[in-house]
Every structure is written in structure tokens, then in C-alpha cells.
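If you want the building blocks of each chain, they are given just below.
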Amino acid sequence: MVIVMKHGATSQQIGEAIQRIEALGYQAHVVRGVERTIIGAVGNGRTFTPDIADGWDGVEQVVRILKPFKLASRDFQQEDTVIALNGSRIGSDQLVVMAGPCSVEDRCQIMETAQAVKEAGAKVLRGGAFKPRSSPYSFQGMGEAGLELLHEAGQETGLLTVTEVMSVEQMPLVARHADILQIGARNMQNYPLLHAAGESQHPVLLKRGMSATLEELLMAAEYILSHGNRRVMVCERGIRTFETYTRNTFDLNAIPALQEQSHLPVIADPSHGTGKAALVGAVAKGAVAAGASGLLIEVHPNPAKAVSDGAQSLTLEAFSKLMGELKGIAVAVGKRL
Ligand code: PEP
Ligand code: MN
């Protein structure tokens, strides 16, 4: 349930409400909004009754959340979550573009890409160092050396960085080098990893599992939120369907459907969503038109030579051209790029 405090409720009243929620056996999650403070009471506390907060000072109303995800839901928080990060803001009417290679390969590749995507207007540099590959014989990523290069390229250009963390053990190392932790499609339901991401205070980019429903995605986000980390973005990256022409089927519905149900920023990944560089631009534009708060796009100086995902990677020139085209669409739907 959500306890909505009155406009102007005092910190003492808020503190007392928290104590009472905890005494009933719930965990209290406080959101201090511009208008009013709300407190999410989650867990297996006393069975809900509408009069549960009768007589508590400063309480305006109590709302029961019937959805299985609570902290992720719009019922809990009506305003969009906006993640502030080193002067950038991710969520709501901001459109943030995250771009870079699938994998960090060497200094020259990541530096050249970083400079180019920065010039084109990206705010975040992506680059995998720990790669979840379908085959154990494929390139598995540069590991720590790759993280160091990504970090260096971020420092050099002033771009934020995002990279995948595949296990709980890698979490401290990845968090030392990157600004945003990516949890990949294959790990969307890795509960120990979600738990660890919840205890970290790093923003998390959580990708939809390839066969996950939207509810399962939001339940995975709920794990992170319920362990104390509010800075979660959810990412549509295409799902498995009967279609084989494209690598995955990008689910455009997911963007407005997630936004209807959740306040979390929704990011679109048209690269994994299509698997084909020639289709990335059109799907990126569709995602922005549908209201996405960000894009995750694979870019490589020489896609034909890329060690992973070359077929879906844009050249530096193609990326720059796409950024120009996105501007008009962003403006048309009230987003700032
Ligand atoms: C990636 O971003 O390179 C990646 C492996 O993505 P996904 O987890 O969506 O497959
Ligand atoms: Mn990739």
C-alpha cells in the first residue's frame, strides 16, 4: 500500500508514519516528491484494511496497490522518475542517447568511437567488457582491461559510461569503472545479481529478457528497487518471436505500455531489437516517436571488423546522420535531445 502524506506534512509526522508502518511488519520506502511525500509499505505485513492508517497525523490517504510490482508502479509514484547523473538527467522529457561498440576491443577503437558519438550528441558511452555470448567459443570481452579503457574514454570525452555486469562478484569492479550498470537480457531474472544491484547506489539499465513479459521485466526492476536503489531504467531490446528475418522482434508496444504502468525511464535498444544496421535508424525513430526516454545504439568505426555484433552496428557517419534526423522527431513529441 501507499501512504500519501498531506501537502506540508511535517518531518515528525512522516517519521511517525514510517515507524507505524514498520511496526505493522512492512518495509517503508519513502519518496519525497515536489508536492508531497509518499511512503510505500511493502512486504508481508498485517493484512490490508482501508482504515489501516486511521488516526495517523499528516496522512491524506492510503492507496492499495493491486499489481504485483509496487515500487515500480505508477500507483506508487505518479511522476516520472528522473535520474540525475553528473549533470545529465535521464527520464521523462529528456532523450538521452547511449552509444558505442558492443565490445571494447582496443584503445584506438573505443577512443575514436567515444569522440565521434560525443560530437554527434550522445551523452553516454557504451562498451561491453564482460560479454554474455551465446557460444563459449566467441569473444568473451576484454574484462578488466576493457573496463579501464572504457573509463579512460569516458574521462577523456566527458561522456558517462555504461557497461554490463554479469555476476555479483564483478559488481564492485564494474561499479568502480562505469557510471551505469547494465544488466543484460540473459540475466534479467538473475535474482542474486538484481539484489546486489539494489544494494549498489549506481544507476542500473535493466534489459528485458528475450522471452520476458512486461510484468516479469517490472518484477525484476522491483527486486532492485526493493533493495534500496531507486535509479533503475528498463530497456526494450527485442523479444523472441517466430520471425527469423530479424535477430529479435522489437516490441514498440512495450514503450507506452511500460510508461503506462511504471514511472521508470524506458530506454530502447534498436540494435539488438533488429540485428541489422540497415533497420536500426527506422526503429530508433519509431521508439523516440513512441515516447522512449533514451536509446542504446551500437556504433563501431569499422563494423565489418567488429568482434561482436558488427552486423547491427552503425558506422560513425551513419550514427551522426541518425542523430540529426532524431532531433526533429524528439521536438515533435516534446522531448529534449
Ligand atoms: C549488449 O548490450 O551488447 C547485449 C549483450 O545486450 P542484450 O543483453 O540485450 O542481449
Ligand atoms: Mn551487442
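Just so it is clear, the structure is predicted and the values come from calculations on it, not from any experiment. (Residues numbered from 1 in each chain as written. Chains lettered and ligands numbered in written order. Predicted model: local features only at pLDDT ≥ 70, side-chain atom pairs only at ≥ 80, totals over all residues. Heavy atoms only, no water.)

The strand order E7-E8-E9-E10-E11-E12-E13-E14 describes a closed barrel built from eight strands, whose pairing is parallel. The mean angle between the axes of side-by-side strands here comes to 25 degrees, regardless of whether they run parallel or antiparallel. As defined by bridge partners, strand E9 (residues 160–164) adjoins strand E10 (residues 180–183) across three bridges and the pair is classed as parallel. By the bridge assignment for E10, Glu 164 is matched with Gln 182. Its contacts with the sheet place helix H9 (residues 277–289) against strand E13 (266–268) and strand E14 (294–298), and it is angled at close to 170 degrees to E14. (Pairing = 2+ DSSP bridges. Helix = DSSP H or I, 4+ residues; strand = E, 2+ residues; numbered from the N terminus. Axes fitted to C-alpha atoms, helices over the stretch in contact; angles between N-to-C directions. Contact = heavy atoms within 4.5 Å.)

What follows is about the environment of Glu 260. Locating Glu 260 in the fold gives a position in helix H7 (residues 254–261). In the structure, Glu 260 is positioned 186 residues away from Arg 74 in sequence and 7.3 Å away in space, judged by C-alpha atoms.

As for its placement among the helices and strands, Val 232 is situated in strand E12 (residues 232–236). C-alpha of Val 232 to C-alpha of Ile 38: the two residues are 194 residues apart in sequence and 19 Å apart in space. Once residues lying within four places of it in the same chain are set aside, the contact partners of Val 232 are Ile 83, Val 204, Ala 221, Ile 224, Leu 225, Leu 264 and Pro 265.

Attention now moves to the packing of helix H2 (residues 107–120) against helix H10 (residues 316–332). Between H2 and H10, the least distance of the axes is 9 Å, while the angle of their chain directions is 20 degrees. Classed by the angle they form, the pair H2 and H10 counts as roughly parallel. When the axes of H2 and H10 are compared, the crossing they make is right-handed. Two secondary-structure elements touch here, H2 through Glu 112, Thr 113, Ala 116, Val 117 and Ala 120 and H10 through Leu 316, Phe 319, Ser 320 and Met 323. For the contact of H2 with H10, the class distribution of residues is six nonpolar, two polar and one charged. (Parallel < 35°, antiparallel > 145°, perpendicular 65-115°, else oblique. Left-handed = near helix turned anticlockwise from the far one by under 90°. Nonpolar A, V, L, I, M, F, W, Y, C, P; charged D, E, K, R; others polar.)

Once that is clear, we can look at the coordination of the manganese ion (ligand 2). Within the protein, the atoms that donate to the manganese ion (ligand 2) are Cys 102 (SG), His 272 (NE2), Glu 298 (OE) and Asp 309 (OD), at distances of 2.0 to 2.4 Å. Spacing between the donor residues of the manganese ion (ligand 2) along the chain follows C-x169-H-x25-E-x10-D. Pair noted here: Glu 298 is in strand E14 and Asp 309 is in the loop between E14 and H10, with a separation of eleven residues, a long-range link. An identical accessibility class is assigned to Glu 298 and Asp 309; each is buried. (Donors = N, O, S within 2.8 Å, 3.2 Å for Na, K, Ca; no water. Buried < 20%, exposed > 50% of the residue type's maximum accessible area, 1.4 Å probe, protein only.)

Contact geometry of helix H6 (residues 214–226) with H7 gives a least axis separation of 11 Å together with a crossing angle of 50 degrees. If you check the angle between H6 and H7, you find them oblique. As for how H6 packs across H7, the hand of that crossing is right-handed. Side by side, H6 and H7 meet where Leu 214, Leu 217 and Leu 218 of the first sit next to Ala 254, Ala 257, Leu 258 and Gln 261 of the second.

Once that is clear, we can look at unusual backbone geometry. Of note, the phi angle at Ser 92 is positive, near 55 degrees, even though the residue is not glycine. Of note, Ser 92 is situated in the loop between strand E6 (88–90) and strand E7 (96–100). Judged by relative accessible area, which is 25%, Ser 92 ranks as partly exposed. We note that Asp 309 has phi near 55 degrees; this positive angle belongs to a residue other than glycine. For Asp 309, a relative accessible area of 18% corresponds to the buried category.

As assigned here, the protein comprises domain 1 (2–63) and domain 2 (83–332). Between domain 1 and domain 2, the C-alpha centre-to-centre distance is 36 Å. (Domains from an automatic or database assignment.)

What follows deals with the site of ligand 1. Neighbouring residues of ligand 1: 13 residues in total, closest Arg 126, Ala 185, Arg 186, Lys 207 and Arg 237. When its residues are assigned to classes, the shell around ligand 1 shows three nonpolar, three polar and seven charged. (Near = heavy atom within 4 Å.)

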